[in-house]
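The residues making up each chain are set out below.
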Amino acid sequence: MRIACPFCGERENGEFTYLGDASPKRPNFAADSGESPERVEDAFYDYVYLRDNVAGFMREYWYHGGGCRSWLIAERNTVTHEFRSVIAAPGVGAANPVQAGE
Amino acid sequence: MSGYTGSEPLGRTAALEGSTPSARSQAASASQSHRLRSGGLIDRQQPLQFSFDGKVMSGFAGDTLASALVANGVKLVARSFKYHRPRGIITAGSEEPSALVEMRSGARKEPNTRATTQELYDGLVAQSQNRWPSLRRDFMSINQLAAPIFVAGFYYKTFMWPAKFWEKVYEPLIRRAAGLGKSAELPDPDHYDKAWAHCDVLVVGGGAAGLSAALAAGRAGSRVILVEEDVRVGGRLLSDGGEIDGMHAEEWVRRATGELASLPNVRVMVRTALFGVYDGGVYTALERVNDHVPVPAPHQVRQRLWRIVAKRSVVTAGAIERPIVFPGNDRPGVMMASAVRTYVNRFAAMPGKRVALFTNNDDGWRTVEAIQQAGGDIAAVIDPRGKVPAEYQALADLSDLRVLSGGVSDVKGGVDGVRGVIVTDGNGRKQQIDADCLAVSGGWNPNVGLSCFHRGKPVWRDDIAAFIPGDAPRGMVMAGAARGEFSLGACLRDGHAAGAAAAAECGASGNAGEASEAGDETYAISPLWQVKAKGKAFVDFQHDVTASDVTLAQREGFESVEHLKRYTTLGMATDQGKTSNITGLAIMADATGRTIPQTGTTIYRPPYAPVAIGALAGHHRDENFHAWRLTPSHHWAAARGAVFVDTGLWKRAQWYPQPGENDWLESVTREVLAVRNGVGFCDVSTLGKVDVRGADAGTFLDRVYINAFSSLGVGKARYGLMLREDGIVMDDGTTSRIAEDHYFLTTTTAKAGPVMAHLEFCRQVLWPELDVQLSSASDQWAQFSIAGPNTRKLLQELVDPSEDMSNEGFPFMGAREVKLRGGVTARLFRISFSGEIAFEISVPARYGAAMAQNLMIAGRDLGVTPYGTEALGVMRIEKGHVAGPELNGTTTADDLGLGKMMSKKKDFIGRVMAGREALTAPDRQVVVGIKPIDVKRRLRSGAHVVPKGAIPGPQTDQGYVTSVCYSPMLEQWIGLGLVERGRERFGEIVRIHDPLRSEDYEAEICNPVFYDPEGARQRG
Ligand SMILES: [Zn+2]
């Protein structure tokens, strides 16, 4: 399998590590947000454990540890292993992402 | 020179030694009873000697072992897997199921080598296998008499009970009775390489279609790689000839090869078999670089494993002729019709003097022509269709050919091969035909394997009675005979079109030229899979699966092809059923009343052909199994006789034995006492190190550690603990603040990589708004821990006198840059793992070895002692510091006794999930100290903790011992453990139960800080 890192070009998949579904967003609850602990815990439970088992295209995290150390979002078909896109997407895991410089 | 290592050294005879090349080749020819006087792609000027089962024979350069055996009239070459039946050579290619031999000897011995693909070389030594005491008189052939018990599913039915008998009695017995060759038991002396190649268009197979495809794609200008498993390109053209563009096929191949060689964008790789297809256009191929010589030349590899990345591939892997199943179809001398032509035309070797042909299709008739032209006799042609195909009528007329309808119902013969063929016609009338070779053609199966490696299902084509490729993997097209286009003209056109299209898809814009032209010979076939008659009729020659095994499987309910395969082992041998799968499922279709496409095929998987483990391993064996990481002081430590331990990829000094010390414990105890009473040092460069920089570096660390780092003063160090998002501890380490916007973070040795990935995830994926950069500094710094009451004295010798090293000037948990005597700038951290006054000093890695030497010089008068990881571990256990065995992926911060570090004022990774009920339950197992009551007792990690007086078991189990050491300070074995409610139980006596080592004793639960619990020493 070959993965086209947007920074390094097409590389062997051995340079990458897979983390899985990139759709969960880390809940953004400050320690003193005043939210009920149950709601906070439920949100984190979702974030940490619940994943869809998709047969088809899904967005997933790949880490280019053997290259530029970028966390990438790959759109990959779990049935055919076809990659539709591989991009860097800063902040994609945050519930309310704030981009650099903002 | 000849390199014989077999039991019968042969060497050349004196007569041959002194003779001229032509005399030698004449002598060689004379000894080859079945060699034709002329023709063939062999070099009669280059005679080669070889031995098979100790018998010396000769062949010529260009021969395979199989063709040389044929030329010498050898029929019997193997004993079959299960019944030990005499077997011969069936094919002339890589699909060979039967002629497997043991090549070479000693460490280079290689079993199950196909004689049909083994190139002959001077001095080749081969043995038959699976026979005792000899091939002709094989004791185990009595298995044939016991054949009724060896039916399908025999192992499953017979050896089910008692289970323990299987391992000790049945399996060794069966292994001896049924099997293939024996592998070498010595380390492989050869080297194997791995390499990558990249191209636009990969052409698989160098026959007519493949050459045509490579020419088209190459002319168009794309980068082309053509792989061919054979020693030369040409495919069936080398055996069947023909006319292309008005020239003889052989000449066309020569010209095509020349043109390909002239194209700089084309690479032709022979002796290279493609065996796997992977995602994204990655293909694997095995190049047999030096299988055709006795021993690879110095610095040359035996085989090379290629991974080829191709945008497109054109698979022109041809077709495989299939046998017909009839009683006696495995007798030595029964051979595929196309193989007979290969031996005759390509190798000038006659498989028989009187050849009978059994064919159900037009293509088989070519064999008549080949035999007649070579001057052989055709005993008869048996064609169930009952008449001569129009194209071959002239042959029949000319030669008074005996043509019979019906089918072959038995083959007479034995170890010496075929003697006669029994033909039964449609009315049940039998007649015997004298023949010493039976050529068989049941039609051709397109070689669809590679197209099916991504679960593509082949599709049935009625007119050729065969499967053709279905959905091929992305980027792959099949062309020529592999796609069911059998005529030469069609192969050339199809290959050209596929090559040109593939090149265009890769962006090549050059002129692909025109396809070469040849005739379109007919291929009419009337399917015939089996002649039903009494006697053993083989489907899978290599696994000895008979037609009745298939029907038995059907009667017992194993009708699905996947069940059929596993129940009968059909197609599961080293040939993966290349000649048997389709026939087996056709017989199953017949038995169940379904059609062949309804019956379906089994799943095709790589490798297409056997690949040696050595080739897959490549250079990754022995000491190169994985990379080594050496600490900066490694060579210095090695010179002092250090014993090293593998820690991940690292080699770390474990202890430094001194003369007179009898065991490791003596050495380690000396090292511990030296540190506790004086001063010692230890290379801790293996710790992961990360430079964290930026205006938001402090905020970032606050979010990844459970404790605060933004509040850490510049010039200070702090111990930090990191959680995973699920609330479990991930890692720990000390982080120092070097400047307002610069922290230096350390991780454990084991987690250096994963922590870096985690930090990058947090930085990039969660909080891109933070102004923070990470860079790995693990390999940039050599780091040493210097510990013991005399540490400060040693450092005064090492650092520049201007540096204030007093307790006030460099307090506990201080961290700053210092200048060393000589001018090198180092980072110094006053942190302690041992519980003594201790510093960790970091210098650029290139100074690491010098630092070790300088520590010895600076501490000479203090008796400075280098210590290893073992002493480091003893001292951390004495101090109750947790490490890997406690940070084991199940423990929370509170389990480790570090719960108070968790900030309540900030959000951090893992905070919310760490608060879950089960992770904060009062009965969790927490870190405690454990001391055996009997001070002589050796504590061992892994032992279970149960309440005193309780019966050990899952109900009473309360935890286990995680880390142990002999404590020189306490003068007894001590340990840390994870024990239920442990912190409430200091002083309690518990039972330590160790069923693995049959030990059972009592111990006291105690404070995990065994030594200096107040921590006064490290602050002094
Ligand atoms: Zn990259």
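All of these numbers come straight from a predicted model, not from anything done at the bench. (Residues numbered from 1 in each chain as written. Chains lettered and ligands numbered in written order. Predicted model: local features only at pLDDT ≥ 70, side-chain atom pairs only at ≥ 80, totals over all residues. Heavy atoms only, no water.)

Q: Where do I start with the overall build of chain B in this structure?
A: Check the secondary structure of chain B and you find 26 helices and 50 strands. Here chain B, with 1020 residues, has 58% of them falling under the buried criterion. For chain B, contacts bridging at least 24 residues in sequence account for 66% of all contacts bridging at least 6. Per element, the accessible surface of chain B, about 41,200 Å² overall, is 52% carbon and sulfur. Of the side-chain charges in chain B, 115 are positive and 115 negative, and the distance between the mean point of each set is 2 Å. (Helix = DSSP H or I, 4+ residues; strand = E, 2+ residues; numbered from the N terminus. Buried < 20%, exposed > 50% of the residue type's maximum accessible area, 1.4 Å probe, protein only. Contact = heavy atoms within 4.5 Å. Areas by Shrake-Rupley, 256 points an atom, 1.4 Å probe, with all protein chains shown as cover. Lys, Arg positive; Asp, Glu negative; His and termini not counted. Charge placed at Lys NZ, Arg CZ, Asp CG, Glu CD.)

Q: I tried to follow the overall build of chain A on my own but got confused; where do I start?
A: Per the secondary structure count, chain A includes one helix and six strands. Secondary structure elements of chain A occur, N-terminal to C-terminal, as β-β-β-α-β-β-β. For the C-alpha atoms alone, the extent of chain A along its principal axes is close to 45 × 35 × 20 Å. Burial status across chain A gives 37% buried among its 102 residues. Taking the intrachain contacts of chain A between residues at least 6 apart in sequence as the baseline, contacts between residues at least 24 apart amount to 49%. Carbon and sulfur atoms make up 48% of the accessible area of chain A, which amounts to about 5,500 Å² in all. Each charge class in chain A can be summarised by its mean position, and for the 10 positive and 15 negative side chains these summaries are 7 Å apart.

Q: Where do I start with the sheet that holds strand β35 (residues 688-693) of chain B in this structure?
A: Strands belonging to one sheet form pairs held by backbone hydrogen bonds; the direction of such a pair is parallel or antiparallel. Residue and element names in this part refer to chain B. In space, the five strands of this open sheet follow the order β36-β37-β38-β35-β39, with antiparallel pairing throughout. The sheet terminates laterally at β36 (717-723) and β39 (773-776), the two strands that pair on one side only. Here the strands of the sheet are splayed against their neighbours by 30° on average, with no regard to which way each runs. Across four bridges, β35 lies against β39 in antiparallel orientation. Across the sheet, residue Asp691 finds its bridge partner in β39, namely Ser775. Relative to β39, helix α21 (residues 752-766) is tilted by about 165°, and along the sheet it contacts β35, β36, β37 (729-739), β38 (742-747) and β39. (Pairing = 2+ DSSP bridges. Axes fitted to C-alpha atoms, helices over the stretch in contact; angles between N-to-C directions.)

Q: Would you mind going over the packing of aromatic side chains with me for this structure?
A: Any two aromatic rings considered together are summarised by their centre-to-centre distance and by the angle between their planes. Per the counting criterion, the structure on display carries 25 aromatic pairs over all chains. Ring centres of B:Phe744 and B:Trp781 lie 6.3 Å apart, and the angle between their planes is 70°; on these two criteria the pair is classed as edge-to-face. Residue B:Phe744 is located in strand β38, and its partner B:Trp781 is located in strand β40 (residues 781-787); the two are separated by 37 residues in the primary sequence. On the basis of relative accessibility, which here comes to 1%, the residue B:Phe744 falls in the buried class. A connected cluster of aromatic rings, assembled from ring pairs, spans A:Tyr61, A:Tyr63, A:Trp71 and B:Phe761. Directly above the ring of B:Phe538 sits B:Arg87, whose terminal nitrogen or CZ lies 4.6 Å from the centroid. Positioned above the aromatic ring of B:Tyr608 is the side chain of B:Lys578, whose terminal nitrogen or guanidinium carbon lies 4.3 Å from the ring centre. (Phe/Tyr/Trp six-rings, centres within 6.5 Å; stacked < 30°, edge-to-face > 60°. Lys NZ or Arg CZ within 6 Å of the ring centre and 35° of its normal.)

Q: Teacher, can you tell me more about helix α24 (residues 869-878) of chain B here?
A: For the α-helix, the turn length of 3.6 residues means that residues three or four positions removed from each other point alike. Residue and element names in this part refer to chain B. Of all 10 residues that make up α24, eight are buried, and the element is covered over most of its length. Those residues of α24 not exposed but buried are Thr869, Ala871, Leu872, Val874, Met875, Arg876, Ile877 and Glu878. On the buried face of α24, the contacting elements are β32 (643-647), β33 (650-655), α19 (664-677), β34 (680-683), β47 (959-967) and β48 (972-980). Note on α24: the residue one or two positions beyond its end, Gly880, has a positive phi of about 70°.

Q: Can you help me understand a negative patch on the surface in this one?
A: Among the surface-exposed residues, A:Glu38, A:Glu41, A:Asp42, A:Asp46 and B:Glu917 lie close enough to one another that they form a single negatively charged patch. Its location among the elements puts A:Glu41 in helix α1 (residues 37-49). (Patch = residues over 30% accessible without salt bridge, like charges linked within 9 Å, V, L, I, M, F, W, Y side chains within 5 Å. Salt bridge = Lys/Arg side-chain N within 4 Å of Asp/Glu carboxyl O.)

Q: Got a minute to help me understand helix α15 (residues 581-592) of chain B in this structure?
A: All names here are of chain B. Spanning 12 residues, α15 covers 16 Å between terminal C-alpha atoms, matching the ideal 16 Å at 1.5 Å per step. Counting buried positions over the 12 residues of α15 gives nine, a clear majority of the element. For α15, the set of buried residues is Asn581, Ile582, Thr583, Gly584, Leu585, Ala586, Ile587, Met588 and Ala589. Remark: Gly593 follows α15 within two positions and exhibits a positive phi of approximately 75°. (Expected span 1.5 Å × (residues − 1).)

Q: Please clarify how the pattern of salt bridges should be interpreted in this entry.
A: Where side chains of opposite charge bring their charged atoms close, a pairing between them can arise. Residue and element names in this part refer to chain B. For the structure shown, the criterion picks out 67 salt bridges over all chains. Where Asp494 meets Arg483, a salt bridge forms, and the shortest distance between an N and an O atom there is 2.9 Å. Of the two residues, Asp494 sits in helix α12 (residues 488-505) while Arg483 sits in the loop between β28 (476-478) and α12, which places them 11 residues apart along the sequence. Under the relative-accessibility criterion, Asp494 is labelled buried at 14%. Overall, Arg483 belongs to the partly exposed group, its relative accessible area being 32%. In this structure, Asp894 and Arg983 form a salt bridge, with 3.3 Å as the shortest nitrogen-oxygen distance. Of this pair, Asp894 sits in the loop between α24 and α25 (911-914) while Arg983 sits in the loop between β48 and β49 (989-994), and the two are 89 residues apart along the sequence. Under the relative-accessibility criterion, Asp894 is labelled partly exposed at 41%.

Q: Just checking my understanding: could you explain the confidence of the model for chain B for this structure?
A: Any region with low pLDDT has predicted coordinates that should not be read closely. Residue and element names in this part refer to chain B. Of the residues in chain B, 94% reach a pLDDT of 70 or more, and the chain-wide mean stands at 93. Segment residues 1-18 is flagged for pLDDT under 50; beyond a separation of four residues in sequence, or across chains, it makes 25 contacts in the model. Scored by ipTM, the complex comes to 0.97, with pTM at 0.90. (pLDDT = per-residue confidence, 0-100.)

Q: For this particular structure, what's the right way to read the nonpolar core?
A: In globular proteins that are soluble, nonpolar side chains generally tend to be buried together. Residue and element names in this part refer to chain B. Ranked by size, the top nonpolar core spans 58 residues in total, and within it Phe50, Phe52, Leu65, Leu69 and Ile89 carry the most contacts. Ranked by residue count, the leading element in this core is helix α3 (residues 65-71), at six residues. Taken together, domain 1 (11-144) and domain 3 (323-442) each give at least three residues to this core, which thus spans both. If you look at the next biggest cluster of nonpolar residues, it comprises 54 residues, including Leu211, Ala214, Trp460 and Trp529. (Core = buried A, V, L, I, M, F, W, Y, C linked by side-chain atoms within 4.5 Å. Domains from an automatic or database assignment.)

Q: Please explain the packing of α19(B) against α24(B) as it appears in this structure.
A: The axes of two packed helices give the description: the angle between them and the distance between them. All names here are of chain B. Where α19 meets α24, the axes come as close as 9 Å, and the angle between the chain directions of the two elements is 60°. By the criterion of interaxial angle, the relationship of α19 to α24 is oblique. Between α19 and α24 lies a crossing of right-handed hand. Together, Trp664, Val668, Glu671, Val672, Val675 and Arg676 of α19 and Glu870, Ala871, Val874, Met875 and Glu878 of α24 make up the contact between the two elements. (Parallel < 35°, antiparallel > 145°, perpendicular 65-115°, else oblique. Left-handed = near helix turned anticlockwise from the far one by under 90°.)

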